[in-house]
Protein chains: 2
Amino acid sequence: MRYKVTVAYDGSPYIGWQTQNRGDSIEEAIEKVLETMHGYKVSIVGSGRTDARVHAKGQVFHFDSILDITCERMIEALNAQLDKSIRIQNVEIVEDTFHARFDATAKTYMYVLSQDAKDPFIRAYMGVDYHPLDVEMMQKACQLFIGTHDFTSFTSTKIHPDKDRTRTIYHFDVKQKGSVFQFIVRGDSFLRYMVRMMVQTVLMVGKGKESLASVQAMLEAKSKHACKYKAEPQGLYLMEVEYGKE
Amino acid sequence: MRYKVTVAYDGSPYIGWQTQNRGDSIEEAIEKVLETMHGYKVSIVGSGRTDARVHAKGQVFHFDSILDITCERMIEALNAQLDKSIRIQNVEIVEDTFHARFDATAKTYMYVLSQDAKDPFIRAYMGVDYHPLDVEMMQKACQLFIGTHDFTSFTSTKIHPDKDRTRTIYHFDVKQKGSVFQFIVRGDSFLRYMVRMMVQTVLMVGKGKESLASVQAMLEAKSKHACKYKAEPQGLYLMEVEYGKE
């Protein structure tokens, strides 16, 4: 039986989604609980990685199980044994051909930035920047990313040169709610650091330190040296992974 | 110049307010920044301790300074150097006779308990209990504590036997907001663990595991063995310290 699982997590105590033999990963924490339930090692396949300190409200993974229990019971069993920083939201039984990574057709991320210098409870959950921001200019900068582009300028320099870096952004905007700025971006898929680099670039436009033209030039450069900006990880949330019918 | 400072903090990374030579205290973190600003050790005097993992939205302390800067500048200077888990809310210049502990006339605490098994972001910020709770019975149990009582049954067993344990509770209630229960308690002062022991006792009434009569008996027992309940620290917030004119 193949299970599709939606999971939310507080990424602050973890090295990220993926196991790397240098600290606790979310993947490993879930696999440990599944091993306890099954009596043997059960591997899970996530929709993709999230970096250290990045959170999720709707990460998706799949795994195969011989256990004959209902989805509701699976949610309860997992949540009873997982640390409270990892909470299963939903479990579905899917076709054996379903693949959490290969079948994902879109992802949505949220980035939250606070300008409140007096709230001690946001440090692990929002980016912080006290510089005045021009929200209209930031909205215009977001628009530049929408559509299909080669995002070589907006990813880790470590990516293999042969890898295709063309991605499509369906939606990217920023809204101000009091002292908090909330970015929402939806695309077909994202390269490593792509959302954080896009968000920080838009912030630099909001501060008047980059122009719309310079951002456009960064995109067109398709160069790993074009963008030196990357927003702090703790403001980033993987909100939703979509599996559209093709 | 004596400064009265109101500070909010996320208590989760700390061993508590008070320095104890076995980990980071909030007191120590603030004194380190003051030492950097002054060039010599500056001691602060808090309104009282908070335990490990307990938070504050309105803790108060005082200190003496030879620095001739405005209160607004003092807030900025402290917040610029403090870790983001400790945020100065307000600074006032007060009489040299003001004392943050001795002059406090009332304190208000909040305790927050969640019944949501699916939220990964509350683990360090709310108590968690999934058992059904009777909120009307809990409200009645809160009432039993209001007034002046000897709270020997509701404090640490380590308190010196000669110490006076008579305290006055002005207000104690609990409200339900969806899956969250919020307790508010205001009193003249509180013994160690007193709020957490009262809250957990009220919760046991809400679960039907203690009766109003058994809680009344606990109070009247004035015995360190009468109450074995204590709520988890991470749901507790010191909200306000009052300094009434006598």
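Residues numbered from 1 in each chain as written. Chains lettered and ligands numbered in written order. Predicted model: local features only at pLDDT ≥ 70, side-chain atom pairs only at ≥ 80, totals over all residues. Heavy atoms only, no water.

S.K.: Would you mind going over the overall build of chain A with me for this structure?
M.R.: For chain A, the count of helices and strands is five helices and 10 strands. For a compact globule of 246 residues, the expected C-alpha radius of gyration is about 18 Å, and chain A comes in at 19 Å, within 12% of that figure. Long-range pairs, those at least 24 residues apart, make up 72% of the contacts in chain A between residues at least 6 apart in sequence. Here chain A displays about 11,300 Å² of accessible surface, and carbon together with sulfur accounts for 48% of that area. (Helix = DSSP H or I, 4+ residues; strand = E, 2+ residues; numbered from the N terminus. Rg over C-alpha atoms; globule rule 2.2 N^0.38 Å. Contact = heavy atoms within 4.5 Å. Areas by Shrake-Rupley, 256 points an atom, 1.4 Å probe, with all protein chains shown as cover.)

S.K.: What's the story with the relation of the copies chain B and chain A in this structure? I'm lost.
M.R.: Relating one copy of the chain to the other requires a rotation about an axis plus a shift along that axis. When chain B is fitted to chain A, the best match, at an RMSD of 0.0 Å, comes from turning it 180 degrees and sliding it 0.0 Å along the axis. On this basis, the relationship between the two copies can be described by a two-fold rotation axis. (Least-squares fit on C-alpha atoms with pLDDT ≥ 70 in both.)

S.K.: Mind showing me how you'd approach the pairing of strand 8 (residues 166–177) of chain A here?
M.R.: Every regular strand shows the same layout, with side chains that alternate between the two sheet faces. Residues and elements named next belong to chain A. As defined by bridge partners, strand 7 (residues 147–150) adjoins strand 8 across four bridges and the pair is classed as antiparallel. Each residue of the ladder has a partner; that of Asp150, found in strand 8, is Thr166. By the bridge criterion, eight bridges tie strand 8 to strand 9 (residues 180–187) in an arrangement that is antiparallel. Note that in strand 9 the partner of Lys175 across the bridge is Gln182. Linkage of strand 8 to strand 9, two consecutive antiparallel strands, is achieved through a turn of two residues, within which Gly178 is found at a positive phi near 65 degrees. (Pairing = 2+ DSSP bridges.)

S.K.: How do you make sense of the pairing of strand 1 (residues 2–9) of chain B when you look at a structure like this?
M.R.: Residues and elements named next belong to chain B. Burial of strand 1 is extensive: eight of the eight residues sit out of reach of the surface. Alternating positions in strand 1 separate into two faces, Arg2, Lys4, Thr6 and Ala8 on one and Tyr3, Val5, Val7 and Tyr9 on the other, with burial throughout. Relative to strand 3 (residues 55–64), strand 1 runs antiparallel, the two being bridged by seven bridges. Within the sheet, the bridge partner assigned to Tyr9 lies in strand 3 and is Ala56. Across eight bridges, strand 1 lies against strand 4 (residues 86–94) in antiparallel orientation. Bridging from a neighbouring strand, Ala8 pairs with Arg87 of strand 4. (Buried < 20%, exposed > 50% of the residue type's maximum accessible area, 1.4 Å probe, protein only.)

S.K.: Any chance you could explain the UniProt feature "domain: Pseudouridine synthase I TruA alpha/beta" (unreviewed entry) in chain A here in plain terms?
M.R.: UniProt feature "domain: Pseudouridine synthase I TruA alpha/beta" (unreviewed entry): in the numbering of this structure it lies at residues 7–103 and 141–243 of chain A. The straight-line gap between the two end C-alpha atoms of residues 7–103 of chain A is 17 Å; of that span, 25% is helix and 25% is strand. (UniProt positions renumbered as here; feature names shortened; annotations may be inferred.)

S.K.: What is the right way to look at the side chain of Ser85(A) in this model?
M.R.: The topology assignment puts Ser85(A) in the loop between helix 2 (71–81) and strand 4 (86–94). We classify Ser85(A) as buried; its relative accessible area is 0%. A polar atom in the side chain of Ser85(A) sits 2.7 Å from the side chain of Tyr14(A). Not counting the four nearest positions on each side in its chain, Ser85(A) is found in contact with Ala8(A), Tyr9(A), Asp10(A), Pro13(A), Tyr14(A), Pro120(B) and Arg123(B). (Polar contact = N/O pair within 3.5 Å; in protein donor to acceptor, adjacent residues only side chain to side chain.)

S.K.: Looking at this structure, I do not really get empty space enclosed by the protein. What am I missing?
M.R.: Rolling a probe over the atoms, with the probe sized like a water molecule, indicates the empty space that remains. What the rule picks out here adds up to two cavities of 30 Å³ or more. Taken as a whole, the largest cavity spans an internal volume of roughly 40 Å³. For the largest cavity, the full set of lining residues is Asp116(A), Ala117(A), Lys118(A), Asp119(A), Ile122(A), Arg123(A), Val128(A), Tyr130(A), Lys84(B) and Arg87(B). Looking at the lining of the largest cavity residue by residue, the classes come out as four nonpolar, no polar and six charged. Its boundaries defined by the atoms lining it, the second largest cavity holds a volume of some 30 Å³. In this structure, the second largest cavity is lined by Lys84(A), Arg87(A), Asp116(B), Asp119(B), Ile122(B), Arg123(B), Val128(B) and Tyr130(B). (1 Å grid on protein atoms, 1.4 Å probe; cavity = no way out; pocket = protein on both sides within 12 Å on 5 of 7 lines; lining within 4 Å. Points joined across faces, edges and corners; volume = space filled by probe spheres on them. Nonpolar A, V, L, I, M, F, W, Y, C, P; charged D, E, K, R; others polar.)

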